[in-house]
Amino acid sequence: MRTPYGLEIIESCLICPLRQDRIFCDLPPPDLEALQAMSSRATYPEGSILFVEGQAPRGVFILCNGRVKLTAGSAHGKSLIMRIAEVGEMIGLPGTISAKPYELTAEALEPVQANFIGREPFLNFLRTHGDAALRIAQILSDIYYSTCQEVRYLGLSGSAAEKLARFLLDWNDGHSTNAEDSRSILPLTHEEIAEKLGTSRETISRLFADFKRQQLVEIHGPTLVIADKVGLQQLLAS
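The structure reproduced in this document is the subject of the present report.

1. Some points on the overall build of the protein
- A tally of regular secondary structure across the protein gives 8 helices and 12 strands.
- Considering only contacts in the protein between residues 6 or more positions apart, those separated by 24 or more positions represent 67%.
- Of the roughly 11,900 Å² of accessible surface on the protein, a fraction of 53% belongs to carbon and sulfur atoms.

Structural data, given as structure tokens:
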């Protein structure tokens, strides 16, 4: 069986996103069984489009493996990365709940496995499973918080340096192993960070070089080290 994009359905299974700290891991077993019964798992090669901005919502995707770039486009062909969805996250949720068109385009940054749940079965599931509906409300709140962060980057930062400093501080806060840790994994390329902050790749590369020269950050492969948190914070106040 194939999806509307010609991608092969390989099995119906929600095991991977239901591990510890995953999206529905704390639901009662009967709820998990009902959710699994309506899910179809598919593979998506790098560069595949899971859904397109403006498309009528078909349902939600729960990521088992790989990352998905969620972008907003303009009539002039420019795009802005709103979020990078990672393993265990659900995408396509706002449109699926509201019946409004998907507000973003979802593109696989690498090979992806995801569980797809159609809109009507998903809504019927939420109507009869209060614990799951509450979890979905929490996810929508997280999406709202993430959108507010994007507004901060684009609307409240006066320069590209301030945007990057704010982004790196927020990223480390959200992805470090503990509150005191200055290290986190930053898998985004300079191009992807530029799209997220609404600037150019050249600007981001130049700023990273400046930050390293000023000993504000260190980059070791995909590992980001905030070497001088106070120095980055001072860029936000300048």
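So that's the structure; there's more coming.
2. Observations concerning the packing of aromatic side chains
- Tallying each qualifying case throughout the model produces 5 aromatic pairs.
- Where Y44 meets F61, the ring centres are 6.2 Å apart and the plane angle is 75°; that geometry is what we call edge-to-face. Placement of Y44 in strand β2 (residues 39-44) and of F61 in strand β4 (residues 59-65) is noted, with a sequence separation of 17 residues between them. The two residues Y44 and F61 agree in class, both being buried.
- Seen in terms of ring centroids, F61 and F116 are 4.9 Å apart; in terms of plane orientation they differ by 50°. Their pairing is tilted. In this pair, F61 is assigned in strand β4 and F116 in strand β9 (residues 112-118), connecting sequence segments 55 residues apart.

3. Remarks on the nonpolar core
- Counting 23 residues, the largest nonpolar core has L164, F167, L168, L186 and I193 as its most contacted members.
- Where this core is concerned, the elements lending two or more residues are β6 (79-85), α5 (160-175), α6 (190-197), α7 (201-213) and β12 (223-226).
- Counting residues per element, this core draws most heavily on α5, at 6 residues.
- Those residues in contact with L168, other than ones at most four positions away along the chain, are L186, F208, F211, V217, L224 and I226.
- In terms of nonpolar packing, the next biggest core, distinct from the first, is built from 19 residues, L63, I91, L104 and F116 among them.

4. Observations regarding the side chain of E192
- With respect to the helices, strands and loops of the structure, E192 is situated in helix α6.
- R67 is the oppositely charged side chain nearest to the buried, salt-bridge-free E192, at an N-O distance of 4.3 Å.
- With near-sequence residues (within four places) excluded, E192 lies in contact with R67, I81, L109 and P187.

5. Quick word on the packing of α5 against α7
- Axis separation between α5 and α7 bottoms out at 10 Å; the angle between their running directions is 70°. With respect to each other, α5 and α7 are oriented roughly perpendicular. Contacts between α5 and α7 involve A160, A161, L164, A165 and L168 from the first element and T203, I204, L207, F208 and F211 from the second.
- The residue inventory of the contact of α5 with α7, partitioned by class, reads 9 nonpolar, 1 polar and no charged.

6. Concerning the sheet that holds strand β10 (residues 183-185)
- The strand order across the open sheet built from 3 strands is β10-β12-β11, with neighbouring strands paired in antiparallel fashion. Strands with a single pairing partner mark the edges of an open sheet, and in this sheet they are β10 and β11 (217-220). Adjacent strand axes in the sheet meet at a mean angle of 20°, parallel and antiparallel pairs treated alike.
- Sheet topology places β11 next to β12; 4 bridges connect them, and they run antiparallel.

7. Quick notes on the packing of α5 against helix α8 (residues 229-237)
- Taken N-terminus to C-terminus, the directions of α5 and α8 make an angle of 135°; their axes are 8 Å apart at the nearest point. By the angle between their axes, α5 is oblique relative to α8. In the packing of α5 onto α8, the handedness of the crossing is left-handed. Residues A161, E162, A165, R166, L169 and D173 of α5 touch α8, and the partners they reach there are K229, L232, Q233, L235 and L236.
- Residue composition of the contact of α5 with α8, by class: 6 nonpolar, 1 polar and 4 charged.

8. Digging into the sheet that holds β6
- Here 4 strands make up an open sheet; going across it, the order is β3-β8-β5-β6 and the pairing antiparallel. Because the sheet does not close on itself, it has two edges, and the strands there are β3 (49-51) and β6. Neighbour-to-neighbour, the strand axes of the sheet open up by a mean angle of 30°, direction not taken into account.
- By the bridge criterion, 6 bridges tie strand β5 (residues 68-73) to β6 in an arrangement that is antiparallel. Across the sheet, the residue bridging to G73 is S79, located in β6.
- Set on the sheet, α6 makes contact with β5 and β6; between it and β6 the angle comes to about 110°.

What counts and how
Residues numbered from 1 in each chain as written. Predicted model: local features only at pLDDT ≥ 70, side-chain atom pairs only at ≥ 80, totals over all residues. Heavy atoms only, no water. Helix = DSSP H or I, 4+ residues; strand = E, 2+ residues; numbered from the N terminus. Contact = heavy atoms within 4.5 Å. Areas by Shrake-Rupley, 256 points an atom, 1.4 Å probe, with all protein chains shown as cover. Phe/Tyr/Trp six-rings, centres within 6.5 Å; stacked < 30°, edge-to-face > 60°. Buried < 20%, exposed > 50% of the residue type's maximum accessible area, 1.4 Å probe, protein only. Core = buried A, V, L, I, M, F, W, Y, C linked by side-chain atoms within 4.5 Å. Lys, Arg positive; Asp, Glu negative; His and termini not counted. Salt bridge = Lys/Arg side-chain N within 4 Å of Asp/Glu carboxyl O. Axes fitted to C-alpha atoms, helices over the stretch in contact; angles between N-to-C directions. Parallel < 35°, antiparallel > 145°, perpendicular 65-115°, else oblique. Nonpolar A, V, L, I, M, F, W, Y, C, P; charged D, E, K, R; others polar. Pairing = 2+ DSSP bridges. Left-handed = near helix turned anticlockwise from the far one by under 90°.

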